[in-house]
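The chain contents come next:
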Amino acid sequence: MNGVGARMRSIPTWEITLFVALVALGFLIAAQVRSEMPRVQYTSQERAPLIQTVTDLQAQQKALKAQILDLRSRITKAETGTQGSDAIARQLNNALFQARLSAGLTALQGSGLVVQLEDALQVSQSAGGADLLVTGRDVRTVVEELWLAGAEAVAVNDERVVSTTSIIDIGGSLLVNSAYLAPPYQVKAVGPANLYAQLAASASWVDFVASRAGKNGIRLAIAEPADLVVPAYAGSVTIRYAQPPASPAPSANP
Amino acid sequence: MRSPRSQIALAIVALLLGFLVVTQVRSQAGGTGLEDRSAQDLTLLVANVSTRNDQLRGEVADLGRQLESIVAAQARGDTSAGQLRADLVRIRIWSGVDAAEGQGLRVVLRGPATAKVLADLLNELRNAGAEAIAVGGVRVVPATIAGGAPGAVSVEDTLLEDPLEVVAIGNAATMTGTLTRAGGLVAQELATNPGLGIEVTPADRLLVPATARDLAPRVAKPRL
């Protein structure tokens, strides 16, 4: 031990510094090469302004959604304080509260699951590489399985899944409601305490996991937080073509 | 560290180290997923997000008018029950709690329609702006999932018979264009499902029933 200690003391400080720096250098080179590997770098000159346009549009969308949520909140408050017959106003406000809850216009909180999907590590643009990417169909499958397991509200990267939600592929990314989403995709669901048990017992879920995670290497992770918030839908609820039927049609819920 | 050579070596390593740290941090921070998209994908993205933003602007304008109307009614001392009722009707139709009527599309699937074909069709109709959809007389809501083997597809425990009919209320021209364009959903499904037939017919007046589901959450609590 004394020999080793004596030898260590004989190594100049600058050599130790250089050694540490070289180790860090090696690590960073490896990390950089690895982060570049899965992706194809396009070099066309028109991409930079397009990326800037998309970024600007996303920022505008974020502001518009915040405005929508704020206006809905103010409308709800104004309606709650509405004048007129107290009984009628109270009844209408209660009905509106329930309608908004059922429509996904109110955030919901409770126990639930978060399923995260990420592209496989060995993604490449070689033949068959598409199987290694998370697609809209994968995310739709997870959403469907969560509904089947008993979820009461679902969101993809905080985009609430509602009656008009579509999940479509756009060149390796997704468009959900109005939002452009990039991986990793987090599908949040609130529901009963046995949500995970129900999901895990589903044969179609087991097949999906075996095929996409097992065979294709898609990275799939599940968390079971005790308390989870699924945000309210922040998009358009305008209907232009659907009207109440001319002749009264039966309604399921009062 | 005494010799100039070692000083130069350490300076070069430090320079490289700094460059790589910056590059790595920037590549991690810029994780918008846009950097590796082609110009074609980015153009498609600009068109889609731009259209959706226009819809959101329309919603902001509608909500602004709605708020003004309520506030004005309250200032006059009037009842705004009419506004509340209109809001209620709209939200209940939009969510599927109430039936709806209007122009749209009738899509008929003949032959070996699978649950996947049906799920893809519903997704594409929503993307094309469908406001209310029914499959085999069953209203489609977020938790409505198509399942079952080919030829025995069901939704909401209702077995769908061949031919399978999907009705969607919305802009008939837009929805028809989206489904039937070259390389669109109809062309893709016909190419990959031999024996399947798909008819798309616009209609001036269609009826979509209310859902039989109770859409109100039972366990989760509203977060106001």
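Residues numbered from 1 in each chain as written. Chains lettered and ligands numbered in written order. Predicted model: local features only at pLDDT ≥ 70, side-chain atom pairs only at ≥ 80, totals over all residues.

(A) Focus on the overall build of chain A. Of the regular secondary structure elements, chain A holds seven helices and 10 strands. In chain A, buried positions account for 34% of the 254 residues. Considering only contacts within chain A whose residues lie at least 6 apart along the sequence, 77% involve residues at least 24 apart. (Helix = DSSP H or I, 4+ residues; strand = E, 2+ residues; numbered from the N terminus. Buried ≥ 20, exposed ≤ 12 C-beta atoms within 10 Å, placed from the backbone. Contact = placed C-beta atoms within 7 Å.)

(B) Local environment of the overall build of chain B. A count of helices and strands for chain B gives six helices and nine strands. Here chain B, with 224 residues, has 38% of them falling under the buried criterion.

(C) Examining the sheet that holds strand 5 (residues 167-170) of chain A more closely. All names here are of chain A. One open sheet holds the three strands; their spatial order is 5-6-7, and the pairing between them is antiparallel. One side of each edge strand has no neighbouring strand; the edge strands of this open sheet are strand 5 and strand 7 (179-181). With direction set aside, neighbouring strand axes in the sheet form an average angle of 30°. Inspection of the sheet shows strand 5 paired to strand 6 (residues 173-176) by four bridges, in the antiparallel sense. In the sheet register, Ile167 faces strand 6, and the bridge partner there is Val176. (Pairing = 2+ DSSP bridges. Axes fitted to C-alpha atoms, helices over the stretch in contact; angles between N-to-C directions.)

(D) Geometry of the nonpolar core. Ranked by size, the top nonpolar core spans 107 residues in total, and within it Val139, Leu146, Val154, Val156 and Val187 of chain A together with Leu118 and Ile133 of chain B carry the most contacts. No other element matches the seven residues that helix 4 (residues 115-127) of chain B contributes to this core. Dropping the residues within four chain positions of it, Val139 of chain A is found in contact with Leu117, Val134, Val156, Ile167, Leu174, Tyr185 and Val187 of chain A. (Core = buried A, V, L, I, M, F, W, Y, C linked by C-beta atoms within 7 Å.)

(E) Spotlight on the environment of Gln186 of chain A. Counting through the fold element by element, Gln186 of chain A comes out in strand 8 (residues 185-190). Note: C-alpha distance between Gln186 of chain A and Val139 of chain A (47 residues apart in sequence) is 9.0 Å.

(F) Layout of the domain arrangement of chain B. What the domain assignment reports for chain B is domain 1 (39-78) and domain 2 (100-208). Computed from C-alpha coordinates alone, the two centres of domain 1 of chain B and domain 2 of chain B are separated by 29 Å. (Domains from an automatic or database assignment.)

(G) Fine view of unusual backbone geometry. Cis rather than trans, the peptide bond between Pro183 of chain A and Pro184 of chain A has omega equal to 5°. Looking at where Pro184 of chain A falls in the secondary structure, it is placed in the loop between strand 7 and strand 8. A cis geometry characterises the amide bond from Asp162 of chain B onward to Pro163 of chain B, with omega recorded as 0°. Along the polypeptide, Pro163 of chain B turns up in the loop between strand 6 (158-159) and strand 7 (164-169). Although it is not a glycine, Asn157 of chain A adopts a positive phi angle of roughly 45°. Mapped onto the elements, Asn157 of chain A comes out in the loop between strand 3 (153-156) and strand 4 (159-160). Located in the positive-phi region is Asn177 of chain A, a residue other than glycine, with phi close to 55°.

(H) Just the interface of chain B and chain A, in detail. Listed as interface residues are 98 residues of chain B and, on the opposing side, 103 residues of chain A. Those elements that provide at least two residues to the side of chain B that touches chain A are helix 1 (4-29), helix 2 (39-76), helix 3 (81-95), strand 1 (100-110), helix 4 and strand 9 (221-223) of chain B. Take the side of chain B that touches chain A: its biggest share by element is 26 residues, from helix 2 of chain B. Split into classes, the residues belonging to the side of chain B that touches chain A amount to 49 nonpolar, 29 polar and 20 charged. (Nonpolar A, V, L, I, M, F, W, Y, C, P; charged D, E, K, R; others polar.)

(I) A look at the domain arrangement of chain A. Residue and element names in this part refer to chain A. With domains assigned, chain A is organised as domain 1 (47-103) and domain 2 (108-230). Between the C-alpha centres of domain 1 and domain 2 there is a distance of 26 Å. On the domain 2 side, the residues contacting the four residues of domain 1 number four residues. The dominant element in the side of domain 1 that touches domain 2, judged by the number of residues it contributes, is helix 3 (residues 47-80), at three residues. The residue inventory of the side of domain 1 that touches domain 2, partitioned by class, reads two nonpolar, two polar and no charged.

(J) Quick peek at the confidence of the model for chain B. Across chain B, the average pLDDT comes to 89, with 94% of residues at or above 70. Model confidence for the complex is summarised by a pTM of 0.81, with the ipTM given as 0.83. (pLDDT = per-residue confidence, 0-100.)

(K) Structural view of the pairing of strand 7 of chain B. All names here are of chain B. Of all the six residues making up strand 7, five are buried; the element is thus mostly covered by neighbouring parts of the structure. Of the strand pairs in this sheet, strand 1 and strand 7 are connected by six bridges, and their pairing is antiparallel. Counterpart to Arg106 in the pairing with strand 7 is Val167. Strand direction decides the pairing type here: strand 2 (residues 132-135) and strand 7, joined by four bridges, are antiparallel. By the bridge assignment for strand 7, Ile133 is matched with Ala168.

(L) The arrangement of the sheet that holds strand 1 of chain B in detail. Residue and element names in this part refer to chain B. One open sheet holds the five strands; their spatial order is 3-2-7-1-8, and the pairing between them is antiparallel. Each edge of the open sheet is held by one strand with a lone partner, namely strand 3 (138-139) and strand 8 (197-208). Judged from the 10 bridges that link them, strand 1 and strand 8 form a sheet pairing that is antiparallel. Each bridged residue has a counterpart across the sheet, and for Gly104 the counterpart in strand 8 is Ala203. Contacting strand 1, strand 2 and strand 7, helix 4 runs over the sheet at an angle of about 165° to strand 2.

(M) Highlighting the environment of Ile170 of chain A. With respect to the helices and strands, the residue Ile170 of chain A is situated in strand 5. The exposure class assigned to Ile170 of chain A is partly exposed, which follows from the 18 C-beta atoms found within 10 Å. Once the C-alpha coordinates of Ile170 of chain A and Leu181 of chain A are considered, the two residues, 11 residues apart in sequence, prove to be 9.6 Å apart. Excluding residues that lie within four positions of it along the chain, Ile170 of chain A makes contacts with Leu175 of chain A together with Asp41, Leu44, Leu45 and Asn48 of chain B.

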